[in-house]
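Architecture at a glance
What follows is the residue order along each chain.
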Amino acid sequence: MSERDPTSDKPSADIVMLGRCPMCKKRATLDYRPFCSKRCADLDLAKWIGGSYAIPAEETDLSEADMIDPSAEH
Ligand SMILES: [Zn+2]
């Protein structure tokens, strides 16, 4: 077979497995995958927490407005 060193293939295979950070598109790291750093991991977490809090609050507001709207308009 060829003289290719199997150990030289390992680092590149690691990069392919880790992929890229979805926040800034940098190369992801083992410690914070799929992110590149703790900052990007925290940013993504904050995005999810902020979204789940914002949606129920808006829904409550909409149903309240919906109850008032029919009697006020018609
Ligand atoms: Zn990143």
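These lines cover the structure that appears in this document, whether it is placed above or below.

About the criteria used
Residues numbered from 1 in each chain as written. Predicted model: local features only at pLDDT ≥ 70, side-chain atom pairs only at ≥ 80, totals over all residues. Heavy atoms only, no water. Donors = N, O, S within 2.8 Å, 3.2 Å for Na, K, Ca; no water. Tetrahedral: all angles 85-135°; square planar, octahedral: opposite > 155°, others 65-115°. Helix = DSSP H or I, 4+ residues; strand = E, 2+ residues; numbered from the N terminus. Buried < 20%, exposed > 50% of the residue type's maximum accessible area, 1.4 Å probe, protein only.

Observations concerning the coordination of the zinc ion
- Those protein atoms acting as donors to the zinc ion are C21 (SG), C24 (SG), C36 (SG) and C40 (SG), and they sit at 2.3 Å.
- For the zinc ion, the 4 donor atoms are set out with angles of 100 to 119° between them, so the coordination reads as tetrahedral.
- Donor residues binding the zinc ion come from one chain and are separated in sequence as C-x2-C-x11-C-x3-C. Highlighted residues: C21 in the loop between α1 (6-18) and α2 (38-73) and C36 in the loop between α1 and α2, separated in sequence by 15 residues. There is no split in this pair, since C21 and C36 are both buried.

Notes on unusual backbone geometry
- At the junction of R33 and P34, the peptide bond is cis and its omega measures out at 5° in the coordinates.
- As for its position among the elements, P34 is in the loop between α1 and α2.
- If you check the backbone angles, K25 has positive phi at about 70° while not being a glycine.
- By the element assignment, K25 lies in the loop between α1 and α2.
- Of the residues examined, K25 reaches a relative accessible area of 55% and is grouped as exposed.

Treat this as a map of the structure, not an account of what it does.
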